[in-house]
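Spelled out, the chains give:
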Amino acid sequence: MRRVDEVARSDSERGELVLRRRDDGALELRANGVFVMDTVETSTERELAARALALHHDPREVLVGGLGLGFTLAAVLADERVARCTVVEIEPALVDWLREGTVPHGPEMLADGRVRVLVDDIARALRQAPPSAYDVVLLDVDNGPGYLVHDANAGLYRAAALTEARRTTRPGGAVVVWSAAQAPELEATMREVFGRWQVEELSYPVDLQGRAETYWLYAGHVSGV
Ligand SMILES: C[S@@+](CC[C@H](N)C(=O)[O-])C[C@H]1O[C@@H](n2cnc3c(N)ncnc32)[C@H](O)[C@@H]1O
């Protein structure tokens, strides 16, 4: 049986959030007992940023929904064209764990002068954001519409929230959504919101502790340039 040490735990109105260290040295994040992510298979978290930034000619303002263990944010900050990255994370404890070094790579990342962290629900942050505030919007707050960790996130994959994400993205930019499973309904909704020819579905094979899986990205391009 695999040995796992609890590193940190927090309780919020959404339930229990636990950070554990496995015997392979990896950190693992769980919410209400459900695996959220670890520090080993992070290729698609990074690709979420890399893909969107590669498509943009001058991505200066980036919004990341869901800090997690910070791999998407790290990939955003690796791009020197980015002038500011706003991260919206609903769990204050997670922000503290990164800021204080419970997650060892966290302090340096969050000390980057381009980073602004808001502890909030991304759905509300999108509603409150001004029009065309960002060049790129990256959403990875849950497992995707089919396998929600928090039922309250269902709305984020529907037309109203995606329309807010589109509204706050400048023409020429993109809204990219991460999903743990293929999500045809999400793709169809994004085609309604962004336009029939403006949405790409991308699949990535991943190795989840020896288990072959496929993760998905859905990119909506904001036309108008
Ligand atoms: C899968 S993790 C993100 C992983 C991240 N892309 C990375 O590279 O580490 C999802 C994160 O979204 C946060 N979250 C969940 N629901 C949220 C919401 N409605 N608004 C903002 N953050 C949320 C979770 O607490 C968690 O930190």
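Residues numbered from 1 in each chain as written. Predicted model: local features only at pLDDT ≥ 70, side-chain atom pairs only at ≥ 80, totals over all residues. Heavy atoms only, no water.

### Re the layout of surface pockets
Within this model, the largest pocket holds a volume of roughly 520 Å³. Lining of the largest pocket is provided by 31 residues; of these, Val36, Glu89, Asp140, Val141 and Asp142 occupy positions nearest its centre. Of all elements in the fold, only β3 (27-31), β4 (34-38), α2 (71-77) and β6 (84-89) reach the threshold of two or more residues within the lining of the largest pocket. Taken together, the residues of the lining of the largest pocket sort by class into 16 nonpolar, seven polar and eight charged. Around the second largest pocket, the lining comprises 16 residues; the ones closest to its centre are Phe35, Ala180, Leu208, Arg211 and Tyr215. Elements represented by at least two residues in the lining of the second largest pocket include exactly β4 and β11 (211-221). Examining the composition of the lining of the second largest pocket, we find that four residues originate from one element, β4, more than from any other. Considered class by class, the residues forming the lining of the second largest pocket number nine nonpolar, two polar and five charged. (1 Å grid on protein atoms, 1.4 Å probe; cavity = no way out; pocket = protein on both sides within 12 Å on 5 of 7 lines; lining within 4 Å. Points joined across faces, edges and corners; volume = space filled by probe spheres on them. Helix = DSSP H or I, 4+ residues; strand = E, 2+ residues; numbered from the N terminus. Nonpolar A, V, L, I, M, F, W, Y, C, P; charged D, E, K, R; others polar.)

### Concerning helix α7 (residues 184-194)
Structurally, the α-helix is built with 3.6 residues per turn, so residues lying three or four positions apart point the same way. For α7, the set of buried residues is Leu186, Glu187, Thr189, Met190, Val193 and Phe194. End-on view of α7: buried residues confined to an arc of 165°, all on one side of the axis. Exposed side of α7, more than 90 degrees from the buried face: Pro184, Glu185 and Glu192 are the residues found there. (Buried < 20%, exposed > 50% of the residue type's maximum accessible area, 1.4 Å probe, protein only. Arc of directions from axis to C-beta.)

### Examining the sheet that holds strand β2 (residues 15-22)
Reading across the sheet, the four strands line up as β1-β2-β3-β4 and stay open at both edges, with antiparallel pairing between neighbours. Among the strands making up the open sheet, the edge pair consists of β1 (4-12) and β4. Within the sheet, the average angular offset between the axes of one strand and its neighbour, ignoring direction, is 20°. Bridging between β1 and β2 involves eight bridges; their strand directions are antiparallel. Within β2, the residue paired with Ser10 across the bridge is Leu17. Sheet strands touched by helix α3 (residues 92-100): β1, β2 and β3. Its angle to β1, the strand with the most contacts, is close to 135°. (Pairing = 2+ DSSP bridges. Axes fitted to C-alpha atoms, helices over the stretch in contact; angles between N-to-C directions. Contact = heavy atoms within 4.5 Å.)

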